Amino acid sequence: YRYHPILSDLRLILDVPGIARLVSLVPNATENCDGNKPLGHLSFLDSWIKTLSLCQNMDGQVWRSWGQTHVENEHQSWMGAYMLSVSLGDIFERLLAWEDYDPCPINIKNKSKEECLLSVSELTVYIMSTGLDTWQTSEMNSYKPTANIFDIPQPRRCPSSLPYSTVAVDYGSDLAMEALPVAQVRPFSFHIPLHRFVAVCLREVARRPNARVGTEKNKDVTNQVGKEDGIHLVLTSLLSSFGSQRLKRFLRGLVEFPVIVLSRVAQIRSGLWKRNGYCMSEQVGRYDEQEYCRSMKDADLMLLQFAIIAHQALHSFGSVDD
C-alpha cells in the first residue's frame, strides 16, 4: 500500500481547476528555444504511459493443475493489486475531467492552444500508438506456441501459453480453438491498467459529440454523428498512422488481452481454479461488483466492443471511410 500517498497527492493536484487539462499537453510543447526539454524529463503523458505499462499483468496467477494439492496458505497480496487498480480507475476519471473547449491553464510562448493541447480523440490515438501498441507487440512476441504431442495424455495436451491469433499468424499454428487451455506455464493477471485507461479514453470519445477541438462554437453542439464524431476520427487516425495490416494486428491485441481476463473469470466461476484457493473467487467477485466493475469489467467490455466494430469495418469495407 505504499502507493496510496502518491495517488492521494495526485488526486489533490488534479482537484486544482485547470490542471487536468494539462494531461493533454502535447509532448515537447513546452520545449525551450534550443529544443531541450525542461529539466531533461519526459512529459507527464509519456511518463504516465510508461508507469501504466509497468503495472500491466501485476499479481500474476498460475493455475494449480490436477497433479497439485490445494494451496495451503492463501496470501492476501492480491488485495494490494486490486486496490491499486480501483484507485487508478478513479484517477483515470479525474485525468479526463475536462472538455475539448477548455482553455489552457498556462501560457506557452509563441504557441496557440490548438498547437499545445490534444483533444480527447487525439489523446486516445497518441496513447494507443505510442504506448499500448508498443506494449502489446512486445507481449505478443514473448508468447510461443508449443507442439501438441499425441504421446501426452489427452487432458494434458495444453500449450504452455495461450495461442494468440497474432502468434498463430506468425508461427503457423491454428487460428482458433474450441476452448482456452486452463493449464499454462505463464501467469495471467486480472490487471491491465494501460488497456483500461484507453477504455476510459474511448468512453470519453464516444460521449463527446464532436471529434475536435477546442473551439467555443463546438461547446453546445450535440447529437452529431457520422464523419465528425470522435470514434471515426480515432479509427481514421489509427489507419493513417498504422496502415491496414498493423491496425488489424493492434485490434486483435485489443480483443485478446481483455478476453484472457474474461475467460479466466468464467473458468473460476465454473470451479476450475478451486486448488488455487478461495481468493480467486474473491477476486472474481470484486471484478464483477458494482463498486469496482466500472474500473475493470466494464472497461474490458468497452475495449472488446470498440475492437470488434473497428475490425469488422476494416474487414468488410477495406477502409474506415467506406
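Residues numbered from 1 in each chain as written. Predicted model: local features only at pLDDT ≥ 70, side-chain atom pairs only at ≥ 80, totals over all residues. Heavy atoms only, no water.

1. Some details on the overall build of the protein chain
Then, number 1: Helix and strand counts for the protein chain stand at 12 helices and zero strands.
Then, number 2: For the protein chain, the sequential pattern of α-helices and β-strands runs α-α-α-α-α-α-α-α-α-α-α-α.
Then, number 3: By sequence separation, contacts in the protein chain at least 24 residues apart represent 79% of the contacts at least 6 residues apart.
Then, number 4: Here the protein chain has roughly 16,700 Å² of accessible surface; of this, 55% comes from carbon and sulfur atoms. (Helix = DSSP H or I, 4+ residues; strand = E, 2+ residues; numbered from the N terminus. Contact = heavy atoms within 4.5 Å. Areas by Shrake-Rupley, 256 points an atom, 1.4 Å probe, with all protein chains shown as cover.)

2. Topic: the packing of helix 8 (residues 230–242) against helix 9 (residues 244–269)
Then, number 1: Two elements in contact, helix 8 and helix 9, have axes whose closest approach is 7 Å; the angle formed by their N-to-C orientations is 120°. Between helix 8 and helix 9, the crossing angle belongs to the class labelled oblique. The way helix 8 lies across helix 9 gives a crossing that is right-handed. Only Ser244, Arg246, Leu247 and Phe250 of helix 9 make contact with helix 8, whose side of the interface consists of Leu235, Leu238, Leu239, Ser241 and Phe242. (Axes fitted to C-alpha atoms, helices over the stretch in contact; angles between N-to-C directions. Parallel < 35°, antiparallel > 145°, perpendicular 65-115°, else oblique. Left-handed = near helix turned anticlockwise from the far one by under 90°.)

3. Brief notes about the side chain of arginine 196
Then, number 1: By the element assignment, arginine 196 lies in helix 7 (residues 193–207).
Then, number 2: Using a relative accessible area of 2% as the deciding quantity, one classes arginine 196 as buried.
Then, number 3: A distance of 2.8 Å separates a polar atom in the side chain of arginine 196 from the backbone oxygen of phenylalanine 190.
Then, number 4: Apart from the residues lying within four places of it in its own chain, the contact partners of arginine 196 are Phe92, Phe190, His191, Val261, Tyr287, Ser295, Met296, Ala299 and Asp300. (Buried < 20%, exposed > 50% of the residue type's maximum accessible area, 1.4 Å probe, protein only. Polar contact = N/O pair within 3.5 Å; in protein donor to acceptor, adjacent residues only side chain to side chain.)

4. Quick look at the pattern of salt bridges
Then, number 1: Applying the stated rule across the entire model yields 11 salt bridges.
Then, number 2: In this structure, the salt-bridge partner of glutamate 93 is arginine 294, at a minimum N-O distance of 3.0 Å. With a gap of 201 residues between them, glutamate 93 in helix 3 (residues 78–95) and arginine 294 in the loop between helix 11 (290–293) and helix 12 (297–317) connect regions that are remote in the sequence.
Then, number 3: Of the charged contacts, one joins lysine 297 and aspartate 288 as a salt bridge, the two residues approaching to 3.5 Å between their closest N and O atoms.
Then, number 4: Residue classification places aspartate 288 among the partly exposed positions, given a relative accessible area of 27%.
Then, number 5: Salt bridges linked by common partners bring Arg11, Asp15, Asp90 and Arg94 together as one network. (Salt bridge = Lys/Arg side-chain N within 4 Å of Asp/Glu carboxyl O.)

5. A few points about the environment of threonine 124
Then, number 1: Examined against the element boundaries, threonine 124 turns out to sit in helix 5 (residues 120–141).
Then, number 2: Once you skip the residues sitting within four places of it in the chain, threonine 124 turns out to touch Cys201, Leu202, Val205 and Val234.

6. With respect to helix 8
Then, number 1: When the terminal C-alpha atoms of helix 8 are compared, their 18 Å separation across 13 residues agrees well with the 18 Å that a helix rising 1.5 Å per residue should span.
Then, number 2: Of all the positions in helix 8, only Gly230, His232, Val234, Leu235, Leu238 and Phe242 are classed as buried.
Then, number 3: Phi for glycine 243, located one or two positions after helix 8, is positive at around 85°. (Expected span 1.5 Å × (residues − 1).)

7. Details of the confidence of the model for the protein chain
Then, number 1: Overall, the prediction assigns the protein chain a mean pLDDT of 76, with 70% of residues at 70 or greater.
Then, number 2: Mean pLDDT across the secondary structure elements of the protein chain bottoms out at helix 6 (residues 165–171), with 56, and peaks at helix 7, with 93.
Then, number 3: Below a pLDDT of 50 lies the segment residues 159–164, which in the model reaches 24 contacts outside its immediate sequence neighbourhood of four places, other chains included.
Then, number 4: Confidence drops under pLDDT 50 across residues 213–227; counting only partners more than four residues distant or on other chains, this segment forms 22 contacts. (pLDDT = per-residue confidence, 0-100.)

8. Thoughts on the packing of aromatic side chains
Then, number 1: Counted according to the given criterion, the structure contains 11 aromatic pairs.
Then, number 2: Arranged with centres 6.4 Å apart and planes meeting at 50°, the rings of phenylalanine 190 and tyrosine 287 form a pair that is tilted. Remark: tyrosine 287 occurs in helix 10 (residues 279–288) and phenylalanine 190 occurs in the loop between helix 6 and helix 7; sequence separation between them is 97 residues.
Then, number 3: Overall, the relative accessible area of 0% leaves phenylalanine 190 in the buried class.
Then, number 4: An aromatic cluster is defined as three or more aromatic residues linked by ring pairs; in this entry it consists of Trp78, Tyr82, Phe188, Phe190, Trp273 and Tyr287.
Then, number 5: In this arrangement the basic side chain of arginine 246 is found over the ring face of phenylalanine 242, its NZ or CZ atom lying 4.1 Å from the centre. (Phe/Tyr/Trp six-rings, centres within 6.5 Å; stacked < 30°, edge-to-face > 60°. Lys NZ or Arg CZ within 6 Å of the ring centre and 35° of its normal.)

9. Quick notes on the packing of helix 2 (residues 44–55) against helix 5
Then, number 1: One can describe the packing of helix 2 onto helix 5 by two numbers: an axis separation of 10 Å at closest approach and a directional angle of 40°. Between helix 2 and helix 5, the angle falls in the class oblique. When you trace helix 2 past helix 5, the crossing you get is right-handed. Here Leu45, Asp46, Ile49 and Ser53 of helix 2 lie close against helix 5, whose contacting residues are Leu123, Tyr126, Ile127, Thr130, Gly131 and Trp135.
Then, number 2: Taken together, the residues of the contact of helix 2 with helix 5 break down into six nonpolar, three polar and one charged. (Nonpolar A, V, L, I, M, F, W, Y, C, P; charged D, E, K, R; others polar.)

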